[in-house]
Amino acid sequence: KAPDQELRPGEGVFFGLGTCIKFPSNFEESPYSIIATGTTTLPQRLRFPFSLVNLPGESVTGLSPAINELFAGWVLSDSVFTVWRNQLKFAKRDKARRSRTEADVFRPDIVDMMVDARQRLQNPKPARFKDARGEAVFTDREISGLGKNYLRDHNRKKAVQTYTF
């Protein structure tokens, strides 16, 4: 039987211990993102660079409990040292003579992904869900590229600022 399911991890994506990634999954447009320890992800295509996919912070009425919480741009806003450390580590370890690996994390193609993510976050469709505090909760139907995750409105606004830096 031919393989019909796959994982496209994306550059610099870190999978925490005990993660369970359901196929098919595509994280190619989410470079340098983190899937938190113990998280199970549903099949999806995630398109937010430097993000954290974590277990849901609370059960949102109307959403499956299998939907995780996304913190778009979290690595840049709350853990930028990780990015700089990785960039230095990649450059130091590259011993190739014929073909050099691009160690620069903030190169044009990744910055373009950040700009695209920011544009999608700036103009969401109206949220269909609210959390226990009444805050808007967005899914992939309202903001393209969220995959099988939800995003709270205050984290959406923080991500817009983060991707603007």
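Predicted model only: the values in this text are computed from it and were never measured.

Reading the values: rules and limits
- Residues numbered from 1 in each chain as written.
- Predicted model: local features only at pLDDT ≥ 70, side-chain atom pairs only at ≥ 80, totals over all residues.
- Heavy atoms only, no water.
- Pairing = 2+ DSSP bridges.
- Helix = DSSP H or I, 4+ residues; strand = E, 2+ residues; numbered from the N terminus.
- Patch = residues over 30% accessible without salt bridge, like charges linked within 9 Å, V, L, I, M, F, W, Y side chains within 5 Å.
- Areas by Shrake-Rupley, 256 points an atom, 1.4 Å probe, with all protein chains shown as cover.
- Salt bridge = Lys/Arg side-chain N within 4 Å of Asp/Glu carboxyl O.
- Lys, Arg positive; Asp, Glu negative; His and termini not counted.
- Charge placed at Lys NZ, Arg CZ, Asp CG, Glu CD.
- Buried < 20%, exposed > 50% of the residue type's maximum accessible area, 1.4 Å probe, protein only.

Draft legend 1. Examining the pairing of strand S9 (residues 68-71) more closely. Inspection of the sheet shows strand S8 (residues 52-54) paired to S9 by three bridges, in the antiparallel sense. Looking at S9, one finds that Leu 52 is bridged to Phe 71. Both S9 and strand S12 (residues 149-152) contribute to a ladder of two bridges, which runs parallel. In the strand pairing of S12, Asn 68 is matched with Asn 149.

Draft legend 2. Spotlight on a positive patch on the surface. A surface patch of positive charge is lined by Arg 85, Lys 92, Arg 93 and Lys 95. Structurally, the position occupied by Arg 93 is in helix H2 (residues 80-93). Given the relative accessible area of 61%, Arg 93 is considered exposed.

Draft legend 3. Structural detail: the pattern of salt bridges. Tallied over the entire structure, the rule returns 17 salt bridges. One salt bridge in this structure joins Arg 152 and Glu 58, with 3.3 Å as the shortest N-O distance. With Arg 152 in strand S12 and Glu 58 in the loop between S8 and S9, this pair connects stretches of sequence that are 94 residues apart. By the burial criterion, Arg 152 is buried, and Glu 58 matches it. In this structure, Asp 109 and Arg 107 form a salt bridge, with 3.1 Å as the shortest nitrogen-oxygen distance. Exposure remark for Asp 109: the relative accessible area of 38% places this residue in the partly exposed category. The exposure class assigned to Arg 107 is buried, which follows from its relative accessible area of 14%.

Draft legend 4. Examining the sheet that holds strand S1 (residues 7-8) more closely. Spatial ordering of the open sheet is given by S1-S4-S7, a layout of three strands whose pairing is parallel. The open sheet has two free edges, formed respectively by S1 and strand S7 (44-45), since each of these has just one partner strand. Relative to S7, strand S4 (residues 25-26) runs parallel, the two being bridged by two bridges. Bridge pairing in S7 places Ser 25 opposite Gln 44.

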